[in-house]
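Given next are the chains, with one letter for each unit.
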Amino acid sequence: MIIDCNSSLIIHHSSFIIMRIDIISVLPELMESPFQTSILKRAMEKGLAEVHFHNVRDWSTNKHRKVDDEPYGGGAGMIMTVEPLDNCISDLKSQRDYDEIIYLTPEGETLNQRIANTLSIKKNLIFLCGHYKGVDQRVRDLHITNEISIGDYVLTGGELAACVLADSVIRLLPGVLNDEQSALTDSFQDNLLSPPIYTRPETYKGLSVPKILLSGNTSAIEDWLHDEAVRVTKERRPDLLE
Ligand code: 6GU
């Protein structure tokens, strides 16, 4: 599969590259269902992707399994301490080479299709979910290669963002989507939003499917869909056309 998006040409060479994602969090149970349902579940069953969850508390040396502490310099909120996170990430790094170690944080680069495309050709990824006020800066200095946010709003933690990121990447792996779901026709793959789409019935409550879609003239239909995609994009997201 070849994905061409915003100057990054992405070529998936083989159907047999298995992506491994290790997700580090204080709340791994929050992320279970997205990977146990539908397309992501099938990707795992087919052996195209593996997702492994790690609870930071398992690396705490504290008898109460504590993994946070108060900020130096004062202020509200708790900080995730460096030692358990360093130990967890170091353990993983000792087992295999990681292409990227990504910290999910509102301070990161905003996720977009180009980033998802780029990550989809990697083999081993770590996602670190921030919680409380975030992680001690030295975790970032020691290990983090990349920081990603999923948008300009604040979540209770990085877990839901990690699920969003994993979904956006795993669906691009060869063999995950079938032809009809093909990632190549996605909104954003060509920087266009989707045109209006219709299925049966032909008329519903007086609203009819545009005649062109019933014409059987495939090249005219393709032109119409493209023109509609441009129209919708101009209307809603002119920034994508710049
Ligand atoms: Cl990655 N984390 C948190 N806590 N909030 C966010 C986010 C991440 N991305 C957008 N908002």
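Residues numbered from 1 in each chain as written. Predicted model: local features only at pLDDT ≥ 70, side-chain atom pairs only at ≥ 80, totals over all residues. Heavy atoms only, no water.

## Side note on the sheet that holds strand S8 (residues 124–129)
Part 1: Spatially, the 5 strands line up as an open sheet ordered S4-S3-S8-S7-S9, and their pairing is parallel. At either end of the open sheet lies a strand with only one pairing partner, and these are strand S4 (49–55) and strand S9 (146–149). Sheet twist, expressed as the average angle between the axes of neighbouring strands with direction ignored, equals 30°.
Part 2: Two elements, strand S3 (residues 19–25) and S4, share 7 bridges in a ladder whose sense is parallel. Counted as the bridge partner of Asp22 is His52 from S4. (Pairing = 2+ DSSP bridges. Helix = DSSP H or I, 4+ residues; strand = E, 2+ residues; numbered from the N terminus. Axes fitted to C-alpha atoms, helices over the stretch in contact; angles between N-to-C directions.)

## A few points about the site of the ligand
Part 1: Close contacts around the ligand come from Leu104, Thr105, Pro106, Ile148, Ser149, Ile150, Gly151, Tyr153, Leu155, Gly157, Gly158 and Ala161, and that covers them all.
Part 2: Ser149 is positioned such that a nitrogen or oxygen atom in its side chain is 3.3 Å from a nitrogen atom of the ligand.
Part 3: Measuring from a nitrogen atom of the ligand, one finds a backbone N or O atom of Tyr153 at 2.5 Å.
Part 4: Protein contacts shield 95% of the accessible area of the ligand, which totals 290 Å² for the unbound molecule.
Part 5: Breaking the shell around the ligand down by element, the ones donating at least two residues are strand S7 (100–110) and S9.
Part 6: No other element matches S7, which puts 3 residues into the shell around the ligand.
Part 7: Looking at the shell around the ligand, its residues break down into 7 nonpolar, 5 polar and no charged. (Near = heavy atom within 4 Å. Polar contact = N/O pair within 3.5 Å; in protein donor to acceptor, adjacent residues only side chain to side chain. Areas by Shrake-Rupley, 256 points an atom, 1.4 Å probe, with all protein chains shown as cover. Nonpolar A, V, L, I, M, F, W, Y, C, P; charged D, E, K, R; others polar.)

## Section: the domain arrangement of the protein chain
Part 1: According to the domain assignment, the protein chain contains domain 1 (2–170) and domain 2 (186–241).
Part 2: With centres defined by C-alpha atoms, the gap from domain 1 to domain 2 works out at 36 Å. (Domains from an automatic or database assignment.)

## Considerations on the nonpolar core
Part 1: Grouped together as the largest cluster of nonpolar side chains are 32 residues, with contacts concentrated most on Ile21, Ile23, Phe35, Phe127, Leu165 and Ile170.
Part 2: Breaking this core down by element, the ones donating at least two residues are S3, helix H1 (38–45), S4, S7, helix H3 (113–119), S8 and helix H5 (159–170).
Part 3: At 7 residues, the largest contribution of residues to this core is made by H5.
Part 4: Ignoring any residue separated from it by four or fewer positions in sequence, one finds Ile170 in contact with Ile21, Phe35, Leu40, Ala43, Ala49, Val51 and Val176.
Part 5: Core analysis: the second largest hydrophobic core is formed by 17 residues, Val67, Met80, Ile101 and Ile144 among them. (Core = buried A, V, L, I, M, F, W, Y, C linked by side-chain atoms within 4.5 Å. Buried < 20%, exposed > 50% of the residue type's maximum accessible area, 1.4 Å probe, protein only. Contact = heavy atoms within 4.5 Å.)

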